[in-house]
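The primary structure of each chain is shown beneath.
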Amino acid sequence: LQKDLRLERLPRRIECFDISNIQGTDAVASLVVFVDGKPRKSEYRKFKIRTVEGPDDFASMKEVVERRYRRMQQEGGIMPDLVMVDGGKGQLSSAVDVLRSLDLQDQPVIGLAKRLEEVFVPGRSDPELIPKASSGLRLLQQIRDEAHRFAITYHRTLRSKRTLQTELDLIAGIGKKRA
């Protein structure tokens with residue numbers, strides 16, 4: 001993976017973001033962390049999209065990446081060896097803009113587009129050509145799929161909480177137990 005993506009250091013810690021919503025409702029994002037090719041579930045994070053109205057994946061990606069890495073800077077956290085976003089050029093450029101604004105322009109970041117499994121790198125208009133049989137590409141796919149699964153699970157949970165209400169839930173003074 002280091003060779004395929006021309007990275008300066010070995011990508012031991014990879015963080016991947018994914019956005020999930022249906023027509024902009026209950027928009028959420030997920031962050032999964034893989035260390036040495038294995039998921040570190042204790043470091044997974046869920047985000048509710050707060051500032052974006054409607055189905056805008058690019059703005060949602062900006063919000064989540066900024067919230068994550070601004071907090072890391074404030075708390076003195078260790079930056080990952082590779083940041084990955086689920087999506088193509090648009091999502092990647094959103095993440096790159098945020099990293100630049102946080103003065104993290106040296107941070108390696110890529111985008112993995114679903115259909116053709118194309119890997120996009122900032123500053124290059126064409127995707128990186130990683131062989132389909134490459135173990136590095138398979139690892140990136142596994143990470144992306146895990147981020148997608150985690151985001152969808154959280155989205156479904158929020159949506160079901162919002163839609164599964166009874167009339168009793170709407171009456172002031174009646175708690176969940178009594179309802």
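None of the values given here were measured: they were computed from a predicted structure. (Residues numbered from 1 in each chain as written. Predicted model: local features only at pLDDT ≥ 70, side-chain atom pairs only at ≥ 80, totals over all residues. Heavy atoms only, no water.)

**Q** When you look at a positive patch on the surface in this model, what are you seeing that I'm missing?
**A** Side chains of Lys46, Lys48, Lys161 and Lys176 sit close together on the surface and give a patch of like positive charge. Summarising the element assignment, Lys46 is placed in strand E4 (residues 45-48). (Patch = residues over 30% accessible without salt bridge, like charges linked within 9 Å, V, L, I, M, F, W, Y side chains within 5 Å. Areas by Shrake-Rupley, 256 points an atom, 1.4 Å probe, with all protein chains shown as cover. Salt bridge = Lys/Arg side-chain N within 4 Å of Asp/Glu carboxyl O. Lys, Arg positive; Asp, Glu negative; His and termini not counted. Charge placed at Lys NZ, Arg CZ, Asp CG, Glu CD. Helix = DSSP H or I, 4+ residues; strand = E, 2+ residues; numbered from the N terminus.)

**Q** When you look at the pairing of strand E5 (residues 82-86) in this model, what are you seeing that I'm missing?
**A** The side chains of a regular strand alternate between the sheet's two faces. Burial analysis of E5 places 5 of its 5 residues in the buried class, which makes it a mostly covered element. On E5, burial covers both faces: Leu82, Met84 and Asp86 on one face and Val83 and Val85 on the other are all buried. Alignment of strand E1 (residues 13-22) against E5, held across 4 bridges, turns out to be parallel. Opposite Ile14, over in E5, you have Leu82 as the bridge partner. As paired elements, E5 and strand E6 (residues 109-113) share 4 bridges and run parallel to each other. Looking across to E6, one finds that Val85 is bridged to Gly111. Viewed along the sheet, the connection from E5 through helix H3 (residues 89-101) into E6 turns out right-handed. (Buried < 20%, exposed > 50% of the residue type's maximum accessible area, 1.4 Å probe, protein only. Pairing = 2+ DSSP bridges. Right-handed = clockwise from strand over helix to strand, strands pointing away.)

**Q** Help me understand unusual backbone geometry in this model?
**A** In terms of backbone geometry, most residues other than glycine have negative phi values and most peptide bonds are trans. One non-glycine residue, Arg6, adopts positive backbone phi at about 55°. Along the polypeptide, Arg6 turns up in the loop between helix H1 (2-5) and E1. Judged by relative accessible area, which is 56%, Arg6 ranks as exposed. Of note, Asp103 is a non-glycine position whose phi angle comes to about 65°, a positive value. One can find Asp103 in the loop between H3 and E6. On the basis of relative accessibility, which here comes to 58%, the residue Asp103 falls in the exposed class.

**Q** Explanation requested: the packing of aromatic side chains in the structure shown.
**A** Aromatic ring pairs are defined here through the distance separating the ring centres and the angle between the ring planes. This model, assessed by the stated rule, comprises 2 aromatic pairs. Here Phe17 and Tyr69 contribute two aromatic rings whose centre-to-centre distance is 5.9 Å and whose plane-to-plane angle is 75°, an arrangement assigned as edge-to-face. Here Phe17, found in strand E1, pairs with Tyr69, found in helix H2 (residues 57-75); they are 52 residues apart in sequence, far enough to count as distant. Given a relative accessible area of 0%, Phe17 falls into the buried group. Aromatic side chains Tyr44 and Phe150 sit 5.0 Å apart centroid to centroid with 70° between the ring planes, which places their arrangement in the edge-to-face category. With a gap of 106 residues between them, Tyr44 in the loop between strand E3 (38-39) and E4 and Phe150 in helix H4 (residues 135-163) connect regions that are remote in the sequence. Classification of Tyr44 as buried rests on a relative accessible area of 7%. (Phe/Tyr/Trp six-rings, centres within 6.5 Å; stacked < 30°, edge-to-face > 60°.)

**Q** Help me out: how do you make sense of the nonpolar core in this one?
**A** A general feature of soluble globular proteins is that nonpolar side chains tend to end up buried together. Phe17, Val64, Val65, Tyr69 and Val109 are the most contacted members of the largest nonpolar core, which has 27 residues in total. Within the residue set of this core, elements represented by two or more residues are E1, strand E2 (25-35), H2, E5, H3 and E6. Not counting residues within four places of it along the chain, the set of residues in contact with Phe17 comprises Ser30, Leu31, Phe47, Met61, Val64, Val65, Arg68, Tyr69, Val83, Met84, Val85 and Asp86. Residues Tyr44, Val119, Leu139 and Ala147 belong to the second largest nonpolar core, which totals 20 residues. (Core = buried A, V, L, I, M, F, W, Y, C linked by side-chain atoms within 4.5 Å. Contact = heavy atoms within 4.5 Å.)

**Q** Just to check I follow, could you spell out the confidence of the model for the protein chain for this structure?
**A** Where the model shows low pLDDT, its predicted coordinates should not be examined in detail. For the protein chain, per-residue confidence averages 87 on the pLDDT scale, and residues scoring 70 or more make up 96% of the total. For the protein chain, per-element mean pLDDT is lowest for H4, which scores 86, and highest for E3, which scores 94. (pLDDT = per-residue confidence, 0-100.)

**Q** Please clarify how the side chain of Arg144 should be interpreted in this entry.
**A** Mapped onto the elements of the fold, Arg144 is located in helix H4. Using a relative accessible area of 4% as the deciding quantity, one classes Arg144 as buried. Among the polar contacts listed, one links the side chain of Arg144 to the side chain of Asp145, at a separation of 2.9 Å. For Arg144, the residues in contact, after removing those within four places along its chain, are Cys16, Met84, Asp86, Leu112, Ala113, Lys114 and Glu117. (Polar contact = N/O pair within 3.5 Å; in protein donor to acceptor, adjacent residues only side chain to side chain.)

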